[in-house]
Amino acid sequence: MKSFKNLLQFALISLIVLLAFSCKDNPLKEKPYSQIAPENLLTKEGGVKALLASAYANASFMQRSRVNNLNEWTTDISWQTGGGENRQAVPMINYSWDPTQGIFNNWYNNHYNAIRDANTLLENIDLAQVSDSKKKQFIAEAKFVRAFAYYQLYKKFGPTPLRKSTQDKLELPRASDQEMKDFIESELLAAIPDLPEPGTEVYGRATKGAARGVLTKFYLNTKQWQKTADMAKQVMDMGYYKLYPSYKDMFNVENEGNKEMIWVFTADPTVPPANNIMNGTQPPGWQKWPKTGLEKLPNWNNWASQYRIRDAFYNSFEAGDDRLDPFMTEYINAQGDTVDLKNDHTDDIRAFKYVPTEAAQGNFYGNDWPIIRYADILLSRAEALNELNGPNPESINLINQVRNRSSLGNITLANYPTKSALRDHILDERGWEFYYEGKRREDLIRMGKLIDYAHQRGVTNADQHYTLFPIPQSAMDSNPALEQNPGY
Amino acid sequence: MQLKHILCFSIVLLFLVGTNGAKAQDNSEVTGTVIDASTSNTMPGVNILVKGTTRGTSTDSNGKFSLTVPSLSDTLVFSFVGYSTKEVPINGRTQLNVSLEPSTFSTEELVVVGYGTQRKSDLTGSVSSVTSDDFNKGVNTSVDQLLQGKVAGARVVETTGEPGGGLAINIRGASSVNAGTGPLYVIDGLPIDNSSAQAGSGAGFVGSRAGRSELSSINPDDIQSIEILKDASATAIYGSRGANGVVLITTKSGQKGSVQVDYNGYVGIQNPSHNMDLLSPQQYKTVLNNIIDDGGGNGSQRVDQIANNGAGTDWRNQIYNDNALIQNNNLSFSGGSESTQYFVSLNVMNQDGMVKSSAYDKYGVRVNLDQDVSDKFDWGINLSANYHKDNYAPTGYGLNENAGALYTAMNWDPTKPVYDSNGDYYVSPDLTMENPVALINGEESTRSTYRYFGTAYGEYSIIPELTFKLNIGGDVKEQRRDSYISRLTKQGSAFGGIASISEGQATNYLVEGTATYSNNFGKHDVTALVGATTQEFLTIRDYQEASGFATDATTTNNMSLGDQETYGLNSAKFGYTLISYIGRVNYSYNDKYLFTGTFRIDGSSKFGENSKYGYFPSFALGWKLDQEDFLKTVDAISNLKLRASWGETGNQEIGNFLSITTFGPGGTPIWNGSPVVGLNPSRLANPDIKWETTRQWNIGLDFGFLNQRISGSVEYYQKDTYDMLLNLPIPNSTGFSSQINNVGSIKNSGLDFTLNTRNISNRDFTWTSSITLSTLKNEVTDLGGIPEIITGNAGFSNSFFLIKEGVPLRSFYGYQIAGIWQQGDDFSQTTDNVHPGDFKYVDQNEDGTVNADDRVVLGNSFPDYTFSIGNTVSYKNFRLNVFIEGAQGLSMLNNNLVDTYFPVQFRRNKLAEPYLNRWTPNNPSDKYPSFVHPLAQGQKSVNSYTVEDASYVRLKTVKLSYSLPKSVLKNFMRSATVYVTGQNLYTITDYTGIDPAVNSNGNANARIDYNTYPLARTFMAGVQLGF
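Residues numbered from 1 in each chain as written. Chains lettered and ligands numbered in written order. Predicted model: local features only at pLDDT ≥ 70, side-chain atom pairs only at ≥ 80, totals over all residues. Heavy atoms only, no water.

Trainee: Where do I start with the overall build of chain A in this structure?
Mentor: Within chain A one finds 18 helices and 10 strands. Once local pairs closer than 6 in sequence are excluded, the contacts in chain A between residues at least 24 apart make up 71%. Just so you have it, chain A exposes about 17,800 Å², and 51% of that area is on carbon and sulfur atoms. Across chain A, the centroid of the 55 positively charged side chains sits 6 Å from that of the 59 negatively charged ones. (Helix = DSSP H or I, 4+ residues; strand = E, 2+ residues; numbered from the N terminus. Contact = heavy atoms within 4.5 Å. Areas by Shrake-Rupley, 256 points an atom, 1.4 Å probe, with all protein chains shown as cover. Lys, Arg positive; Asp, Glu negative; His and termini not counted. Charge placed at Lys NZ, Arg CZ, Asp CG, Glu CD.)

See below:
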């Protein structure tokens, strides 16, 4: 009897204990104090701008030493030795890369981050409490960034999954070649009307000129010659852009924002990774550059990794070409000795195109990276016209405008009787003009010379399938719907 | 919120008390004395219980007791640690004199289990108990060091030799890929949060990957016992936090009687137990110049002069502190009256690091109070407050300009002097690293921590069989880390000094109510427990940095003196809540057949809307074979118990907010010349995220022969974890690389064996031994359809931990080296760029080239078995304790060896052996390459040379002590012991890195040795005095 009463009391107490703790008002809901929920962010102009900023940053993240390294080490312009980076460089130089290289992963992921941000913005823009004209511009910029990101992916990998919304299913297969090209083209064309005129924009954001410039290069690299010529003409007819008078000075920090630059990656040493190509460009132990008087400052890091220009490329320049000015062929080291890179070393000349300044900090330099500049528009139109009609006066004229800027004399129509002869010259001209700007690989591929040049350098295992990079292994592993590029 | 319910609770209590009518009982008083049967001394502190109730008392300092019993026909149970428990039926007497028999290994000991205690003989779960006598005898700055090698199935791995220590504990393998794998620590009933309150090591300062132990806030001398709960039956009561095992720490409580004062102090010196062999300056010059002659390196980097008249510089000596001092002082007071007992301790510890500029200082105080207010009610409070200061030397995984002192000291050119002719720190044009001495003197980082934690409880017995307990606990940790990089370093002078302050405050509080019912009905014994508990965690952080100071003098003490343009700011706030309900039933029939069932319901705020609550049951059976009639008469068998258990526990140690979409900092573009803070989505939310569940079964046999002269246990377990919280790779085209999902499973199984023997036991001479042996097999059994996940990075090594079905977690994945290419070999087999003298890698798929497809599993971090052997020999008043431990069949990535085989720069120093014995045409070694073209085949860093066998056997501690005899002490002192101890004395291993046991990656299941702070060989002398 006693035991039963005890048991009863125990049961009663247990019940009360359980009840006492169950009547809470959803205490298990998470409280993200330091993070922002969508309903707080995308309704305000500041929030939309922040998301757009992230899209821009992600789309241009690879536009610095990375773009150059991927695009030049596989070509005749430059190569690399030394340091930990050599592990990534050797496969590029030797055409022995495979889908597990980290660099392909970075390229793939950073652009898809930009696409993700742009998609998020486009889906939620109607929530924003901003004026219609501002909305239109945000939409145009998001479309521009997204199309630009897809174009970068297309150039490297061929068509990739075309994600137009964050609600698309996770495992998208690769788009067809035509779908991808159509999308890039239509998005850029749709963006142009609502983008600001060049000179009126917040520097670093897209303009009508930037969209037209990207379209010009897109048409050029997809061999749509008529469209190339027409779009290049539209850029020229804007009347805003012109060639900068001095080749070597147009990349300096003090001349940023000049009218030759159509679309750049803006860099600032206080925001990593900025422009970091000079870390590998500087030769070991250098202190002074006799040609210009430039002296190394202690706050410029000089990596163990070395970015070196090939002698054959250096020797291909015509005499008197101003575009030779940025090359460092000799320097004075810490011991006071003069090191002759041209005569005593092999393939060791350095391209000091992006001259470092006092403001640089460690690995980070502030020179804006030129993605598209006016000289490119002129040469693109020249090439397109040649492809359409064969050698013609306007092509020659456009090429000469670029040559004259660098103190070179004119070429004449008579010297280039055939389409292929002029095309070959344009290839050379582009090499001299755009070295160290990440354009060589796409130019060689477009002109069908990438593999031939590789063979000439002794890379005998190079074959056609190397004109496309492999889809990164981690992307293949996480998406069974993807098919790898041939040969990998 | 919770306050409302405590109130509700108390009202319920009062209500029940009021309605509880007086019972019809005798309530007579029984008194008596308890003595030790062998010495006839009176015994204070003996525990006396009225059998079948929770009513009891203890003997006072004269061994006397007085107790009110419900009835004179009840039975009293007398128990004391180290003595056989005795049951004495009162049989109507009011005066009882009892004598207890000592028994060194008693099965009647009480063991702490989750939310209560149990007799060791009644345990059905797998619980290992370590009391203060068994703790490791060496330097113990932190609780985890006490347990190293003591418990079968619990692997304690040092992560750094830094002062303040750092360890990673794994109980029965690793059961998760992405969620935490450390056990739950519970101190006096309060589960604590082991993470650091502040984040980061400071701007520009290289911090080590493995932090110092957060458990160092607990003074090891305050600990009475540690219980390790290993199987599901023991841990399921901790539900969602029990999957990795539970470590229960119980602090000392006071003793009845006059105050006892104890002083414990030691002083010791520490030196590195092992250093890797580098090239001497002369060897460096000869070898490097030879390599240049053979076509490697660069002609302009020839070594000519050796500074200091040919002696060069031993960079490690420059940064080491010889004979670094450690000292510890502990003073405790313990005493009390019949109803109130207290324990107070004060502790001061100072430890200098073996690397200059590193140190650890700790000051702590503890007050434990217990009071028996009446027969029905008692309460207690355990409070601890401490302050500790950490001084850090720059060490860690940073590279090149960001490398720490240990890395630069190993890699610096030994032919150069420390200072140049101007007295400035020497800067080498061929090395992109700071001068090691400049780093030590120019970079400073200190952290101060204030920690207060404690528990308070109140226990009320409504009736003797039914007790209520309310437990409240709190833990407040405040940390502040100051770091400053001065102009003595290149980095500091480039930025004009870099100062940063990082602060954090982590608090948590616990409110818990339990009700226990305990009774016996004839041969049936039942104890039941129900309860509810809630715990809330909150962390608040802030951070500031600035550079461009006019002078280094103010360091971090006046941030406004820095350049405004360089100001950096940040803050964060986050937390989570847990709510749980628990229940347990212990039943035994005739003291022979045992059954335990537990059930727990857990809710956590970290989990998705759709699955906030998890359910965790467990069952266990025990059979005391030695109580059976057919074995009872066998004298030789003193204990034989078979037990089996099964249960489910959970793991919820993942980050916050994974189930919701939020925005955080994204890319930062420069618009109009200024940075613009970008925001982007932080994750792809998963609203279905839930617990990771581990199903474990365990079968064990506890045995004892010849009156416990030989005793021990053997058990086998298998743990299957499913619904693993995995960072599932999702298509990269989503803009995210992974999403946390519940997918995949992992299996751990093994054998735990413990043996304790009293080999010789005479009046003057005794010898006892203690042996443990554990085996472990770990395997990833399901990865949700993903073929493999490859992670890992350290220095220039990337992607080498393989997670794949059928293979142990994070197995090392890399290239196999067959030997060295020799002159005259058939080079047509390969299209790779190889020359005689280069590594010959195995082309596994025989396609003519060695690339990522030719990688194979090279080993893993799980030992095939670990063991320990402890021997204690005592002769009269001398005592010698020798402890050996070891592990076999595990590997570690020796990442400093990677830098030697794949040099980053030609003029960096290297490990001696491979270079001194390198391949040359005159010495066509088949083991070491020529180092003329070390990077020609790319940097295949992780290979069969650099993933080394880290098996070892170590003489861990030797302690010799002498206790002054009573005849000398007389009434002056209670006890006095002096001792000397040596720690980490000798190791047998093939491993060539710093130490086979230290793992600077901080993860016991993914072992990397890189720039590891050396392990100390310590010699210390100390005294223990009792007044």
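Trainee: Hey, could you run me through the packing of helix α8 (residues 177-191) of chain A against helix α9 (residues 208-221) of chain A in this one?
Mentor: When two helices pack together, their arrangement is given by the angle between the helix axes and the distance between those axes. Residues and elements named next belong to chain A. Two elements in contact, α8 and α9, have axes separated by 9 Å at closest approach and are oriented at 155°. Classified by the interaxial angle, the pair formed by α8 and α9 is roughly antiparallel. Crossing of α8 against α9: the hand is left-handed. Contacts from K181, I184, E185, L188 and L189 of α8 reach α9 at A211, V214, L215, F218 and Y219. Taken together, the residues that form the contact of α8 with α9 break down as eight nonpolar, no polar and two charged. (Axes fitted to C-alpha atoms, helices over the stretch in contact; angles between N-to-C directions. Parallel < 35°, antiparallel > 145°, perpendicular 65-115°, else oblique. Left-handed = near helix turned anticlockwise from the far one by under 90°. Nonpolar A, V, L, I, M, F, W, Y, C, P; charged D, E, K, R; others polar.)

Trainee: Would you take a moment to explain the pattern of salt bridges for this structure?
Mentor: One side chain can pair with another of opposite charge once the charged atoms of both are near each other. Residues and elements named next belong to chain A. Under the definition given, this model contains 61 salt bridges over all chains. D376 serves as the salt-bridge partner of K217, at 2.9 Å between the closest nitrogen and oxygen. Of the two residues, K217 is situated in helix α9 and D376 in helix α13 (residues 374-389); the sequence distance between them amounts to 159 residues. You'll find K217 and D376 in the same group, each marked buried. (Salt bridge = Lys/Arg side-chain N within 4 Å of Asp/Glu carboxyl O. Buried < 20%, exposed > 50% of the residue type's maximum accessible area, 1.4 Å probe, protein only.)

Trainee: What's the story with the packing of aromatic side chains in this structure? I'm lost.
Mentor: To describe a pair of aromatic rings, you give the distance between the ring centres and the angle between the ring planes. Summed over all chains, the structure comprises 63 aromatic pairs over all chains. When the centroid spacing of 5.4 Å and the interplanar angle of 80° are considered together, the rings of A:Y95 and A:Y466 count as edge-to-face. Of this pair, A:Y95 sits in the loop between α5 (86-94) and α6 (102-124) while A:Y466 sits in the loop between α17 (450-456) and α18 (473-478); the two residues are 371 residues apart in sequence, bridging distant segments of the chain. Classification of A:Y95 as buried rests on a relative accessible area of 0%. Judged by relative accessible area, A:Y466 falls into the buried class, the value being 9%. Ring centres 5.3 Å apart and planes at 85° place the aromatic pair B:F839 and B:Y945 in the edge-to-face group. You can see B:F839 sitting in strand β45 (residues 839-841) and its partner B:Y945 sitting in the loop between α11 (912-916) and β50 (947-949), a full 106 residues away along the chain. Judged by relative accessible area, B:Y945 falls into the buried class, the value being 19%. Grouping aromatic residues by their ring pairs yields a cluster made of B:Y815, B:F839, B:Y841, B:Y901, B:Y915, B:F931 and B:Y945. (Phe/Tyr/Trp six-rings, centres within 6.5 Å; stacked < 30°, edge-to-face > 60°.)

Trainee: Any chance you could explain the domain arrangement of chain A here in plain terms?
Mentor: Residue and element names in this part refer to chain A. Under the domain assignment used here, chain A contains domain 1 (218-264 + 368-438) and domain 2 (278-365). Of note, the centres of domain 1 and domain 2, computed from C-alpha atoms alone, are 26 Å apart. Listed per partner, the contact involves 23 residues of domain 1 and 20 residues of domain 2. Both faces considered, domain 1 and domain 2 share a buried interface measuring about 1,900 Å² in area, 59% of it formed by carbon and sulfur atoms. Looking only at domain 1, the three residues that lose the most surface to domain 2 are W432, Y435 and Y436, adding up to 43% of its buried area. (Domains from an automatic or database assignment. Buried area = accessible area lost by both parts, 1.4 Å probe.)

Trainee: Quick question: what am I supposed to make of the interface of chain B and chain A here?
Mentor: Many descriptions give the size of an interface as the accessible area lost when the pieces come together. With 92 residues of chain B in contact, the opposing surface of chain A contributes 83 residues. The junction of chain B with chain A conceals about 7,300 Å² of combined surface from both sides, 65% of it contributed by carbon and sulfur atoms. When the area that chain B buries against chain A is broken down by residue, the three leading residues are B:F663, B:W671 and B:N732, summing to 11%. The interface formed by chain B and chain A holds zero salt bridges in total. Taken together, chain B and chain A are joined by 11 residue pairs in polar contact (both at pLDDT 80 or more). (Polar contact = N/O pair within 3.5 Å; in protein donor to acceptor, adjacent residues only side chain to side chain.)

Trainee: I tried to follow the sheet that holds strand β4 (residues 64-69) of chain B on my own but got confused; where do I start?
Mentor: Consider a sheet: its strands pair through backbone hydrogen bonds, and that pairing is either parallel or antiparallel. Residue and element names in this part refer to chain B. Sheet architecture is open: three strands sit in the order β4-β1-β7, paired in mixed fashion. Two strands in the sheet have a free side with no partner beyond their single neighbour: β4 and β7 (95-100). Taking the axes of each pair of neighbouring strands and ignoring which way they run, one obtains an average angle of 30° across the sheet. Note that strand β1 (residues 28-36) and β4 share six bridges and pair antiparallel. Looking at β4, one finds that V30 is bridged to L67. (Pairing = 2+ DSSP bridges.)

Trainee: Where do I start with the confidence of the model for chain B in this structure?
Mentor: Low pLDDT means the predicted atomic positions in that stretch should not be read closely. Residues and elements named next belong to chain B. Per-residue confidence for chain B gives a mean pLDDT of 87; residues scoring 70 or more make up 96%. For residues 1-24, every residue scores under 50 in pLDDT, and the model assigns this stretch 34 contacts once sequence neighbours within four places are set aside. Both scores are given for the predicted complex: the pTM is 0.78, the ipTM 0.87. (pLDDT = per-residue confidence, 0-100.)

Trainee: Please explain unusual backbone geometry as it appears in this structure.
Mentor: What you tend to see is this: most non-glycine residues have negative phi, and most peptide bonds are trans. All names here are of chain B. Not every positive phi belongs to a glycine, and R810 is a case in point at roughly 55°. Along the polypeptide, R810 turns up in the loop between β42 (797-803) and β43 (811-814). A positive phi angle is found at F931, which is not glycine, with a value near 65°. When you line up the elements, F931 lands in the loop between α11 and β50.

Trainee: Before we go on, may I ask you to explain the pairing of strand β28 (residues 613-624) of chain B in this structure?
Mentor: Note on strand geometry: in a regular strand, side chains alternate between the two faces of the sheet. Residues and elements named next belong to chain B. Pairing of strand β27 (residues 593-604) with β28, which is carried by 11 bridges, proceeds in the antiparallel orientation. Paired with G603 across the two strands is Y613, which belongs to β28. Sheet analysis places β28 next to strand β29 (residues 637-651), joined by seven bridges and oriented antiparallel. Across the sheet, residue S618 finds its bridge partner in β29, namely G647.

Trainee: Got a minute to help me understand the sheet that holds strand β5 (residues 75-79) of chain B in this structure?
Mentor: All names here are of chain B. The four strands are arranged β3-β2-β5-β6 in an open sheet whose pairing can be described as antiparallel. Edge positions in the open sheet fall to β3 (56-58) and β6 (86-89), since each of these has one partner strand only. Between one strand and the next, the sheet's axes are offset by a mean angle of 20°, whatever the strand orientation. Of the strand pairs in this sheet, strand β2 (residues 47-50) and β5 are connected by four bridges, and their pairing is antiparallel.

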